Amino acid sequence: MSTEKQMSIDAQTKYIAALTDLHRGLDRQGPGDSEFSRNILGNLPTLPLKPRIADLGCGSGVSALLLAQHYQSTVMAVDSSSAFIDELKARAKQLGLEHLIIPIHGDMAKLHWSAGSVDLLWSEGAAYNLGFEQALKTWRQFLANSGVAVISEMSWFTDDVPEPASAYWQNAYPMMGTETENIDRANRSGFSVLSTHRLPSQAWWVNYYGPLRERMQQIEITPSTQLVIRETEEEMSLFEKFSDFYGYTFYVLQAA
Ligand SMILES: C[S@@+](CC[C@H](N)C(=O)[O-])C[C@H]1O[C@@H](n2cnc3c(N)ncnc32)[C@H](O)[C@@H]1O
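Given the structure is predicted, the values throughout are model-derived calculations rather than measurements.

Caption draft 1: Representation of the overall build of the protein in the model. When its secondary structure is counted, the protein shows nine helices and eight strands. If you line up the protein on its principal axes, its C-alpha atoms span 50 × 45 × 35 Å. Expressed as a percentage of its 256 residues, the buried residues of the protein come to 53%. Taking the intrachain contacts of the protein between residues at least 6 apart in sequence as the baseline, contacts between residues at least 24 apart amount to 76%. Carbon together with sulfur atoms contributes 48% to the accessible area of the protein, which is approximately 12,000 Å² in total. The averaged location of the 30 negative side-chain charges in the protein is 5 Å from the averaged location of its 20 positive side-chain charges.

Structure follows, in structure tokens:
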């Protein structure tokens, strides 16, 4: 997770291009774990036999593909990066899941879907782009009666956060809340919270930071990639020290 605050439009465009380049070809663009996700799916309330599924901020589609495979049902997979949507299309083809994936290159804040048209809404590592509460309020209308949302969000695990971690995230993501605050935000946005699950820190290293580190050694160095690499290294080194205090929590929510 990085920021492009206080940059000119041109610098922002270059920054996002460098960030995308750094994450190209990786299995995932954020921390997550397929076994962990399957475990959550195994404990969801009963959904229709062929649920209508959406994956918002899908990246190159690790979750969209898992969901399509798990339910053998159609997944609308939305991302604002055309590079990641192209990767998703190629992966879906490779896995023989093309018929179940609807790739949508677009803004997850501006979807024109019908009310109640989604039974399962999934979003991993992406809601922060809108802010957790804003994302929930924007997406709530799309859920069918008793529809389910599984959304991961960077969360504080305690009220008592060490200063270096607090200072870093105050700058990178000032709206980051504790799990209790995020549960309140979900309740205020028309959801009941069925359960919460912390992604183990090991999954960050094995599935995300490890591959990202390797990729950092391969990409062409430009001033923009240099900045993104420096920020990513700083984020990793902070997580190494303070992963007991924050991380991704998956919020399992039901439309109330
Ligand atoms: C940290 S990545 C997570 C990707 C994927 N869910 C995963 O776990 O591998 C966040 C994704 O959100 C996408 N994104 C950011 N803002 C967006 C927006 N407004 N609409 C759609 N996608 C967006 C980015 O392009 C990126 O692919």
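Caption draft 2: Representation of the packing of aromatic side chains in the model. Under the criterion given, the structure shown has 16 aromatic pairs. When the ring of tryptophan 169 is compared with that of tyrosine 246, the centres are 5.6 Å apart and the planes differ by 65 degrees; the resulting orientation is edge-to-face. With a gap of 77 residues between them, tryptophan 169 in helix α6 (residues 163-172) and tyrosine 246 in strand β8 (residues 246-255) connect regions that are remote in the sequence. Here the aromatic rings of tryptophan 205 and tyrosine 209 are separated by 5.0 Å at their centres, their planes lie at 55 degrees, and the arrangement is tilted. On the criterion of helical spacing, the pair formed by tryptophan 205 and tyrosine 209 is a turn pair, its members being four residues apart in helix α8 (residues 201-218).

Caption draft 3: Fine view of the site of the ligand. Near the ligand, the surroundings consist of 18 residues, among which Gln29, Gly57, Asp79, Met108 and Glu124 are the closest. Between the ligand and the protein, one listed contact pairs a nitrogen atom with a side-chain N or O atom of aspartate 107 at 2.9 Å. In this structure, methionine 108 approaches the ligand through a main-chain N or O atom, which is 2.9 Å from a nitrogen atom. Here the ligand loses 87% of its free accessible area of 590 Å² to cover by the protein chains. Counted by class, the shell around the ligand contains five nonpolar, nine polar and four charged residues.

Caption draft 4: Region of the structure containing the side chain of threonine 20. Here threonine 20 shows up in helix α1 (residues 9-23). A polar contact is formed between the side chain of threonine 20 and the backbone oxygen of isoleucine 16, at a distance of 2.8 Å. Setting aside residues up to four positions removed in sequence, threonine 20 forms contacts with Ser81, Ala83 and Phe84.

Caption draft 5: Representation of the pairing of strand β5 (residues 143-156). Among the 14 residues of β5, 12 are classified as buried, and the element is accordingly described as predominantly covered. Taken together, the five bridges between strand β4 (residues 118-123) and β5 define a ladder with parallel strand orientation. Counterpart to serine 123 in the pairing with β5 is isoleucine 151. Handedness of the crossover joining β4 and β5 through helix α5 (residues 132-139): right-handed.

Caption draft 6: Local environment of the packing of α6 against helix α9 (residues 223-242). Look at α6 against α9: their axes get within 10 Å of each other, and the N-to-C directions meet at 145 degrees. Remark: the crossing between α6 and α9 carries left-handed chirality. When α6 is examined against α9, the residues Pro164, Ala165, Tyr168 and Trp169 are found in contact with a partner set consisting of Glu231, Glu234, Glu235, Leu238 and Phe242. Residue composition of the contact of α6 with α9, by class: six nonpolar, no polar and three charged.

Reading guide: rules and limits
Residue numbers run consecutively from 1 along every chain, following the written order of its sequence. It should be noted that, the model being predicted, local features are given only for residues of pLDDT at least 70 and side-chain atom pairs only at 80 or more, the latter also being counted only at that level, while totals for whole chains, interfaces and linings use all residues. The basis for every side-chain value is the complete set of non-hydrogen atoms in the structure, without hydrogens or water. Only DSSP runs of H or I reaching four residues or more are called helices, and only runs of E reaching two or more are called strands; each is numbered from the N terminus. Burial classes follow relative accessibility: with a 1.4 Å probe on protein chains only, a residue under 20% of its type's maximum area counts as buried, one over 50% as exposed, and anything between as partly exposed. When checking whether two residues touch, look at their non-hydrogen atoms; a contact exists if any pair is within 4.5 Å. Each accessible area value is a Shrake-Rupley result obtained with a 1.4 Å probe; residue values ignore everything except the protein chains displayed when judging cover. Counting rule applied: Lys, Arg positive; Asp, Glu negative; His and chain ends not counted. Just so you know, the charge point we use is NZ for Lys, CZ for Arg, CG for Asp and CD for Glu. Here a pair means two rings of Phe, Tyr or Trp (six-membered ring of Trp) with centres within 6.5 Å. Their orientation is stacked below 30 degrees between planes, edge-to-face above 60, and tilted elsewhere. Definition of nearness: a residue and a molecule or strand are near each other if at least one heavy atom of the residue lies within 4 Å of the molecule or strand. Each polar contact in these results corresponds to two N or O atoms within 3.5 Å; when the atoms are within protein, one needs to be able to donate a hydrogen and the other to accept it, and residues that are neighboring in sequence are counted only if both atoms are side-chain atoms. For this classification, Asp, Glu, Lys and Arg are treated as charged, while Ala, Val, Leu, Ile, Met, Phe, Trp, Tyr, Cys and Pro are nonpolar and the rest, including Gly, are polar. Note: two strands are recorded as paired if DSSP finds a minimum of 2 bridges between them. When the strands point away from the viewer and the connection leading from the first strand across the helix to the second strand turns clockwise, the crossover is called right-handed. Note on definitions: angles span 0 to 180 degrees between N-to-C directions of axes, and those axes are lines fitted to C-alpha atoms, for helices only across the stretch in contact. Crossings are classed by handedness, with left-handed meaning an anticlockwise turn of the near helix from the far one by less than a right angle and right-handed meaning a clockwise turn.

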